[in-house]
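# Structural characterization, general
Residues per chain are reported as follows:
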Amino acid sequence: FGFVSEYRNSMSLQGVPIPQSNAAGTLLTETGQSEHATAVNLKTAPNLQLCLAAGVCVNFIALLIAQCSEMVAVHGHLQLKSQGLPEHIDASTLGVDPKFGILFQNASYTNDVKLTMVDAVQRASRSAALPLGGGLLLFGVLWPFLQLIALLVVALSVQVGQVDSNTRRNLVSFLLPLSKWSLFGILFVSSAAVIVDVTSPQNHINVKMASGDGEDIRTDIGHVIYEIHLKCLPSLALFCIAILSATAMAHWAEQQLIAPASSRTPSESTGLLQEPSSNVREHPRESHDQSSGNTLPMALATAVLLVMGVSRTLVSIERSGISGKALLTSADREVSVLGMMKDMFSAPHLRVQPTVIVMAVLLLILVLVVPLVELILLVQVADRHAQGRSQKRASALRFYGLDCLEVFLVSTVLLVANLDQVMTNEVNQRCDHPLLNNEEQMDRVGFGHMTDDECLKESLRLGTGWWLLLAAVLFRNASWRASNGEHSLIISALSRLGGAIQACWCSVVSRLVSILPALLPEDLSLALPVEMNSWRIKWLLPTAVAANMVALVVGHLWIYMHVYVIVDVPVMHVPDAVLSPLNFIQTVARSFHAGAYLIALAVGLFVVVWPYAKLLSTFAVVLLMRQRRMTKDTALHLLERMNAVAK
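Residues numbered from 1 in each chain as written. Predicted model: local features only at pLDDT ≥ 70, side-chain atom pairs only at ≥ 80, totals over all residues. Heavy atoms only, no water.

### Let's talk about the overall build of the chain
Note the cut-off: By the criteria applied, helices consist of DSSP H or I runs no shorter than four residues and strands consist of E runs no shorter than two, each listed in order from the N terminus. Between buried and exposed lies partly exposed: a residue is buried under 20% and exposed over 50% of the maximum accessible area for its type, with that area taken using a 1.4 Å probe on protein chains only. In what follows, a contact means two residues having at least one pair of non-hydrogen atoms within 4.5 Å. Note that accessible areas follow from Shrake-Rupley with a 1.4 Å probe, and for residues the cover is restricted to the protein chains shown.
A count of helical and extended segments in the chain gives 23 helices and 13 strands. Residue burial in the chain is summarised as follows: out of 647 residues, 45% are buried. For the chain, the share of sequence-separated contacts (at least 6 apart) that also reach a separation of at least 24 residues comes to 77%. About 32300 Å² of surface is accessible on the chain, with carbon and sulfur atoms providing 62% of the total.

Structure (structure tokens):
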């Protein structure tokens, strides 16, 4: 893979001048004229193509073997620990159905459903889960092979050294997203492993011995536990290795075969980046101000949305039916991205599997670390006068090719859309409905609270975290366009909204100043307006106000307290724990609902409303000074008054 450096050394030994690149990303000849050049030696290009073709063939065979082999096994385990009935008592005398005889003995039942990727597609189709089956077929089965075929075509048919800019642009825009979407299978299995993993608490077997006068005499003879989890087979590890190596080859081919990183212009790199317009090229200072001014807020908003998205609820799971009721308080749960990673590292059945640990690390890198590094590079790229800008842009493009936020969102949507349907269908096929929905028989063995018409009914819903991550993807794309000096729809809409809010708030503050002259000294009207065009007032203050507003919103919506109640009651249908999360908005709502109006008023006014009012008032006073509608002394007097009541 060190072919480029070897080529440059050989050219230097032959006395051939090595092309140098300027700040715009084009190569300069001896005469100073710019031209697009490739970094591949035509004499040794066949060796490079042969190496790439051999790697593609090896990955193709490994991927084919992994796809045809069983990758995962859905492991189901039912364990019965029973002391049995006393010797002088027979189950038939108690009216217990003979089929419940298994409850009076120690037993363990295991069932593994091993699946290939094609088997998963077929089972999804049999359950009428067409979106899930179609997504698995396209992205999990076909897409990795399409990526390898594309690499093979590049290796065998592209005339290295005779590729024009249009061909390079098309190949780059085709290869990088293709390599990103081939990671769909890894992210899909990672999410499914956490969602499918369930372990029931102990459901005690309380046999009714006698009844009378409204009371039952029962004896506890044991308990039942069931668990379902995903087991990763060796073929899944081979699949992950093949996908990761194919992705690495795609990035290497993009870097070495198509064009050197330093010689690519933004329009040649990806469809997200277009050539700057003519007015941007004619006015570099305006372009610099425009791109840097828009990119930093958009990147900051993307980072905030990303961090909030990975920590908030991604998927809400609700389980009912007999199997769901057997889970008691763990039937319903909320899963976040960080919660997924925590479960993969800490769940008893997942943490012992090395493949699951590797997938957890990949999930952390591809969904959180890579997007944040990409945003940092974008902010640096926005400065058009910075040194090494083209290299940083090329690095940002490569990180974009590994940024799997949208891939993860699509895999989550497919899981939420149809996984519950597939799970319900598979479990109901293995369930004895006539026995388990007999309330009288279930009550005789102490399972009356689990009686239901269905064995399992699972419901999945997208949580707030999914929508925050979707917003992060949109803002990330807007950041890319802003780094190129272009306006996106989001930036235009936010600019109009910000302008309207600014004008409205300035009008409110100016009216307050005009109707409250008694608050101001008389000699302040003689002061002259001041110029406030420094970067601290023009850029730093709005950014700080926006960051504080975001932090306030997060603080008001974030759970700041859990009211945790332990209930010690030996009754099966009473939960042993009650968890009540609270944030400040819920505190106001619950206080108002409980009739605690003074608490609701105090928290609502001083905790929720007052911080926003102080921030916006400070910003409005500065804006009025910049617009020469308020003197400096007047503004200072108002700020002192606001600081006095800020506590």
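### Brief notes about the packing of helix α22 (residues 597-626) against helix α23 (residues 632-644)
Spelled out, the test is: Lines fitted to C-alpha atoms define the axes, with helix axes restricted to the stretch in contact, and inter-axis angles between N-to-C directions lie between 0 and 180 degrees. Small angles under 35 degrees read as roughly parallel and large ones over 145 as roughly antiparallel, with 65 to 115 read as roughly perpendicular and the rest as oblique. Charged means Asp, Glu, Lys or Arg here, nonpolar means Ala, Val, Leu, Ile, Met, Phe, Trp, Tyr, Cys or Pro, and polar covers whatever is left, Gly included.
Between α22 and α23, the least distance of the axes is 10 Å, while the angle of their chain directions is 175 degrees. Taken together, the axes of α22 and α23 lie roughly antiparallel to each other. Residues Lys-614, Ser-617, Thr-618, Val-621 and Met-625 of α22 form the contact with α23, whose participating residues are Lys-632, Ala-635, Leu-638, Leu-639, Met-642 and Asn-643. The class makeup of the residues in the contact of α22 with α23 is six nonpolar, three polar and two charged.

### Focus: helix α21 (residues 584-593)
Put simply, the test is: Counting of polar contacts relies on pairs of N or O atoms within 3.5 Å, with two restrictions inside protein: one atom must be capable of donating a hydrogen and the other of accepting it, and residues adjacent in sequence are counted only when both atoms are side-chain atoms.
For α21, the side-chain oxygen to backbone nitrogen distance between the N-cap and Ile-585 is 3.3 Å, and the N-cap itself is Asn-583. Count one or two residues on from α21 and you reach Gly-595, which has phi positive near 85 degrees.

### With respect to the pattern of salt bridges
In plain terms, the rule: One speaks of a salt bridge when a side-chain nitrogen belonging to Lys or Arg is within 4 Å of a carboxyl oxygen belonging to Asp or Glu.
Tallying each qualifying case throughout the model produces eight salt bridges. Residue Arg-461 pairs with Glu-318 through a salt bridge whose shortest N-O separation is 2.8 Å. Separated by 143 residues along the polypeptide, Arg-461 in strand β11 (residues 457-462) and Glu-318 in strand β9 (residues 313-320) bring together distant segments of the chain. Residue Asp-343 pairs with Arg-333 through a salt bridge whose shortest N-O separation is 2.7 Å. Note that Asp-343 is positioned in helix α12 (residues 337-346) and Arg-333 in strand β10 (residues 333-336), a separation of 10 residues in sequence. It is possible to trace a salt-bridge network through shared partners that takes in Lys-180, Asp-403, Glu-406 and Arg-476.

### Structural notes on the packing of aromatic side chains
Keep this limit in mind: Aromatic pairs are defined between Phe, Tyr and Trp rings, using the six-membered ring for Trp, whenever the two ring centres lie within 6.5 Å; interplanar angles under 30 degrees are classed as stacked, those over 60 as edge-to-face, and all others as tilted.
Applying the stated rule across the entire model yields nine aromatic pairs. Taken together, a centroid distance of 5.1 Å and an interplanar angle of 65 degrees make the contact between Phe-60 and Phe-145 edge-to-face. Of this pair, Phe-60 sits in helix α2 (residues 45-68) while Phe-145 is found in helix α4 (residues 130-157), placing the two residues 85 residues apart along the sequence. The exposure class of Phe-145 is buried, given its relative accessible area of 13%. Considering the side-chain rings of Tyr-400 and Trp-480, the 5.9 Å spacing of their centres and the 75 degrees angle between planes classify their relative orientation as edge-to-face. On the criterion of sequence distance, the pair formed by Tyr-400 in helix α14 (residues 389-400) and Trp-480 in helix α18 (residues 464-483) is long-range, its members being 80 residues apart. Using a relative accessible area of 11% as the deciding quantity, one classes Tyr-400 as buried. What makes Trp-480 buried here is its relative accessible area of 0%.

### Observations regarding the side chain of Gln-147
Along the chain, Gln-147 turns up in helix α4. At a separation of 2.8 Å, a polar atom in the side chain of Gln-147 contacts the side chain of Ser-182. Among all residues touching Gln-147, those that are not within four sequence positions of it are Leu-178, Ser-179, Ser-182, Ala-246, Thr-247 and Ala-250.

### As for helix α13 (residues 354-382)
Think of an α-helix as 3.6 residues a turn; residues three or four steps apart then line up on the same face. Stated precisely, the cut-off is as follows: Expected helix span is taken as 1.5 Å per residue step, with the number of steps being one fewer than the number of residues. What the bend at a residue measures is the angle between two axes, fitted to the seven residues ending there and to the seven starting there.
Over its 29 residues, α13 extends 41 Å from the first C-alpha to the last, a length consistent with the 42 Å expected when each residue adds 1.5 Å. Ile-365 marks the point of greatest bend in α13, at about 35 degrees.

### Considering the packing of helix α6 (residues 184-196) against α13
Rules: Each crossing gets its hand from how the near helix is turned against the far one by less than a right angle, where anticlockwise is left-handed and clockwise is right-handed.
The interhelical angle for the contact between α6 and α13, taken along N-to-C directions, is 115 degrees, at an axis separation of 10 Å. In terms of orientation, α6 lies roughly perpendicular with respect to α13. Note that α6 runs across α13; the crossing there is left-handed. For the pair α6 and α13, the contacting residues are Ile-186, Leu-187, Val-189 and Ser-190 in the first and Met-359, Leu-362, Leu-363 and Leu-366 in the second. Of the residues that constitute the contact of α6 with α13, the class distribution is seven nonpolar, one polar and no charged.

### Observations concerning empty space enclosed by the protein
What counts here: Only protein atoms enter the 1 Å grid used here, on which a cavity is any set of points holding a 1.4 Å probe that cannot leave and a pocket is any open set flanked by protein within 12 Å on both sides along at least five of seven lines; residues with an atom within 4 Å of a point are listed as lining. Grid points are joined across faces, edges and corners, and a volume is the space filled by probe spheres set on the points.
Applying the stated criterion across every chain yields a total of one cavity of 30 Å³ or more. Taken as a whole, the largest cavity spans an internal volume of roughly 30 Å³. Taken together, Thr-302, Leu-306, Pro-371, Asp-403, Leu-405, Ala-472 and Arg-476 make up the lining of the largest cavity. Breaking the lining of the largest cavity down by element, the ones donating at least two residues are α10 (284-311) and α18. Residue composition of the lining of the largest cavity, grouped by class: four nonpolar, one polar and two charged.

### So, the confidence of the model for the chain
Applied cut-off: Note on scores: pLDDT gives the predictor's confidence for each residue, bounded by 0 and 100.
On average, residues of the chain carry a pLDDT of 75, and 73% of them reach 70 or more. Note on residues 518-530: pLDDT under 50 across the span, and 17 contacts to partners over four residues away in sequence or across chains.

### Examining the sheet that holds β9
For the record, the criterion: At least two DSSP bridges between two strands are required for those strands to pair.
Spatially, β10-β9-β11 is the arrangement adopted by the three strands of the open sheet, whose pairing is antiparallel. Bordering the open sheet on either side are β10 and β11, each of which pairs with just one other strand. Strand-to-strand, the axes of this sheet are offset by a mean angle of 20 degrees, without reference to chain direction. In this fold α12 packs onto β9 and β10, with an angle of close to 95 degrees to the strand it touches most, β10.

### Regarding a nonpolar patch on the surface
In plain terms, the rule: Each patch is built from residues lacking any salt bridge and having more than 30% relative accessible area; the joining distance is 9 Å for like charges and 5 Å for nonpolar side chains (Val, Leu, Ile, Met, Phe, Trp, Tyr).
A cluster of nonpolar side chains, contributed by Phe-60, Leu-64, Leu-137, Leu-138, Leu-142, Leu-146, Ile-149 and Val-153, occupies part of the molecular surface with about 640 Å² of accessible area. Among the elements of the structure, α2 and α4 are those that each provide at least two residues to the nonpolar patch. Relative to the helices and strands, Leu-146 is located in helix α4.

### Overview of the environment of Ile-228
By secondary structure assignment, the location of Ile-228 is in strand β8 (residues 215-232). By relative accessible area, Ile-228 is classed as buried at 17%. Between the alpha carbons of Ile-228 and Asp-112 there is a distance of 9.6 Å; along the sequence they are 116 residues apart.

### Section: the side chain of Ser-479
Positionally, Ser-479 belongs in helix α18. Classification of Ser-479 as buried rests on a relative accessible area of 0%. A polar contact is formed between the side chain of Ser-479 and the backbone oxygen of Met-298, at a distance of 3.5 Å.

### Thoughts on the environment of Val-381
Mapped onto the fold, Val-381 is located in helix α13. Sequence separation between Val-381 and Trp-480 is 99 residues; the distance between their C-alpha atoms is 9.6 Å. Filtering out sequence-adjacent residues up to four positions away, Val-381 remains in contact with Arg-389, Lys-392 and Arg-393.

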